[in-house]
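Spelled out from the first residue to the last, the chains are:
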Amino acid sequence: MKRITWSFVAVVTALFISANLAQAATKDEVIKRGYLQCGVSTGIPGYSNPDAKGAWTGLDVDVCRAVAAATLGDASKVKYLPLNAKERFTALQSGEIDMLSRVTTYTLTRDSSLGINFAGVTYYDGQGFLVSKKLGVKNAAELNGAAICIQAGTTTEVNLATYFKQNKMEYKPIVFDTSDETAKGLEAGRCDVLTSDQSQLYALRIKLANPDDYIMLPDIISKEPLGPAVRQGDDNWFDIVKWSLFAMINAEELGITSANIDQMMTSTDATIQKFVGKEGIKGEGLGLKDDWATQIIKQVGNYGETFDRNVGKGSPLKIERGLNAQWKDGGLQYSPPML
Ligand SMILES: N[C@@H](CCC(=O)N[C@@H](CS)C(=O)NCC(=O)O)C(=O)O
């Protein structure tokens, strides 16, 4: 009896210790290593895209940079790992990356059965259709019998099947592993239609030799809230990624920008003082330096700045804020308060 009791205590203690070790692991590893390993796409302009010299930019890239600024005090300390849709979750599960920031839709199945947690929404999206003008169709209801290019291992595949079944239509899926192959499939006429999250369709269109030969249909057939994900079992790291994104969203709401952050340091406004780490819990709750949020804004900018520069009016994509506007402006971007 006594032995059973002791082995029970030993197991519980071991579980408790391993849970705590897991909790400390990712942040400590990143700090020890000196850089963050961030999983991104193989190349989607505006979201995560390398230039000719291999320098990465994009909205998803800026989330990696924000986490590096918060954790290491330096947004440039990131190693980007390009991953196609099929590879992305394994890379996170195996520990090859510390976080995934790659146009990835937050769904029940992924959040509950892959050992990962979504840390928020960087971009509210929906699935659309990019169609060759030659096809002469005006909306998705006219796509019966079309050959449709699509990427393997995505929510896109599932939504497409559901949509066509519900509408009693047929289609021929032409499946590729990377976005470049998918776009080439459209250009080569292997398919008449390319379907994906609408943001990626805008991004892929600018990569085509003749973008004006293709039109975006008005239909949106799904909800695609895209956001960063981390491994389960490391609550501190989960909080760091979650609050790095919240800090960017909050800063925009509070009017804190990369241009005025230095003046904000001397603000007497209580909410701003908490944001810049002069009052309140500062960095303690996340186990970071008190200037963690300040560094994000200084080095990366607030959510609105990164949206505009990468995908919005200051970028070739010129995407409207739409659902991604602040809640006060009729959008869905809403951060819990940093009190
Ligand atoms: N949001 C969807 C789709 C994500 C996705 O992988 N989209 C393709 C669009 S073609 C892409 O970005 N590919 C980039 C790549 O393979 O690197 C999901 O999470 O399943």
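Note that this is a predicted model, so its numbers are computed, not measured.

So, how was this worked out
Every chain is numbered independently, its residues counted from 1 as its sequence is written. Two thresholds apply to this predicted model, a pLDDT of at least 70 for residue-level local features and 80 or more for giving and counting side-chain atom pairs, whereas whole-chain, interface and lining totals are computed over all residues. As a rule here, side-chain values cover all heavy atoms of the structure and leave hydrogens and water aside. What is meant by a nonpolar core is a set of buried Ala, Val, Leu, Ile, Met, Phe, Trp, Tyr and Cys residues, joined one to another through side-chain atoms within 4.5 Å. Exposed residues in this analysis have more than 50% of their type's maximum accessible area, buried residues have under 20%, and partly exposed residues fall in between, with area computed by a 1.4 Å probe over protein chains only. For every domain, the bounds stem from an assignment made automatically or drawn from a database. For this analysis, residues touch if any pair of their heavy atoms sits within 4.5 Å. Strands were regarded as paired on the criterion that DSSP finds at least two bridges between them. Each helix is a run of H or I in the DSSP string that is no shorter than four residues. Each strand is a run of E no shorter than two, and both are numbered from the N terminus. To define axes, lines are fitted to C-alpha atoms, for helices over the stretch in contact only, and angles between the resulting N-to-C directions are given on a 0 to 180 degree scale. The term salt bridge refers to a side-chain nitrogen of Lys or Arg lying within 4 Å of a carboxyl oxygen of Asp or Glu. Two aromatic rings, drawn from Phe, Tyr or Trp (for Trp, its six-membered ring), form a pair once their centres lie within 6.5 Å of each other, and the interplanar angle then sorts them: stacked below 30 degrees, edge-to-face above 60, tilted otherwise. Helix span, expected: 1.5 Å multiplied by one less than the number of residues in the helix. When at least one non-hydrogen atom of a residue lies within 4 Å of a molecule or strand, that residue is treated as near it. Whenever a nitrogen or oxygen atom comes within 3.5 Å of another N or O atom, the pair is scored as a polar contact, on the condition that within protein one atom can donate a hydrogen and the other can accept it, and that pairs from neighbouring residues in sequence are kept only if both atoms are in side chains. Each accessible area is a Shrake-Rupley result for a 1.4 Å probe, and residues are judged covered by the shown protein chains and nothing else.

A.B. asks: What is the right way to read the nonpolar core from this model?
C.D. replies: Nonpolar side chains in soluble globular proteins tend to be buried together. Counting 68 residues, the largest nonpolar core has Leu36, Tyr47, Met99, Trp237, Phe275, Trp292 and Ile296 as the members making the most contacts within it. Built from parts of two domains, this core gets at least three residues from each of domain 1 (9–124 + 226–329) and domain 2 (127–222). In this structure, Tyr47 is in contact with Thr57, Gly58, Leu59, Asp60, Val61, Val103, Tyr123, Ser199, Val311, Leu317 and Ile319, ignoring residues within four places of it in sequence. If you look at the next biggest cluster of nonpolar residues, it comprises 15 residues, including Ala140, Leu143, Ala146 and Phe164.

A.B. asks: Is there a simple way to think about the sheet that holds strand β9 (residues 146–151) in this case?
C.D. replies: Two orientations exist for strands paired in a sheet by backbone hydrogen bonds: parallel and antiparallel. Read from one edge to the other, the open sheet built from five strands follows the order β10-β9-β11-β8-β12, with strand pairing classed as mixed. Edge positions in the open sheet fall to β10 (171–176) and β12 (214–216), since each of these has one partner strand only. Put simply, the sheet's adjacent strands are angled 30° from each other on average, direction ignored. Its contacts with the sheet place helix α6 (residues 179–187) against β8 (127–132), β9, β10, β11 (193–197) and β12, and it is angled at close to 165° to β9. In this fold helix α7 (residues 198–205) packs onto β8, β11 and β12, with an angle of close to 125° to the strand it touches most, β11.

A.B. asks: What exactly am I supposed to notice about the pattern of salt bridges here?
C.D. replies: Pairing between side chains of opposite charge can happen when the charged atoms of each approach one another. Evaluated as defined, the whole model comprises 12 salt bridges. In this structure, Asp98 engages Arg33 in a salt bridge whose closest nitrogen and oxygen atoms are separated by 2.8 Å. Residue Asp98 is located in the loop between α3 (88–93) and β5 (99–100), and its partner Arg33 is located in helix α1 (residues 2–33); the two are separated by 65 residues in the primary sequence. Two residues, Arg65 and Asp62, come together in a salt bridge whose shortest N-O distance is 2.9 Å.

A.B. asks: How do you make sense of the packing of aromatic side chains when you look at a structure like this?
C.D. replies: One pair of aromatic rings is described through two measures. These are the centre distance and the angle between the planes. Evaluation of the coordinates by the stated rule reveals 10 aromatic pairs. When the ring of Tyr123 is compared with that of Phe307, the centres are 6.0 Å apart and the planes differ by 5°; the resulting orientation is stacked. Remark: Phe307 occurs in helix α12 (residues 303–310) and Tyr123 occurs in strand β7 (residues 123–125); sequence separation between them is 184 residues. For Phe307, a relative accessible area of 0% puts it in the buried group.

A.B. asks: Mind showing me how you'd approach helix α8 (residues 235–254) here?
C.D. replies: Each α-helix winds once per 3.6 residues, and so residues spaced three or four apart point in a common direction. Given a rise of 1.5 Å per residue, 20 residues ought to cover 28 Å, and the 27 Å separating the end C-alpha atoms of α8 matches this to within 8%. Of the residues one or two after α8, Gly255 is the one with positive phi, at around 75°.

A.B. asks: Before we go on, may I ask you to explain the site of the ligand in this structure?
C.D. replies: Taken together, 24 residues form the shell around the ligand, and within it Thr42, Thr105, Gln151, Asp197 and Gln200 come nearest. Between an oxygen atom of the ligand and a side-chain N or O atom of Arg110, the distance comes to 2.8 Å. For the ligand, whose free accessible area comes to 510 Å², the fraction covered by protein is 99%. Going through the elements one at a time, α5 (155–166), β11, α7 and β13 (224–226) are the ones with two or more residues in the shell around the ligand. Split by domain, the shell around the ligand shows at least three residues from each of two domains, domain 1 (9–124 + 226–329) and domain 2 (127–222).

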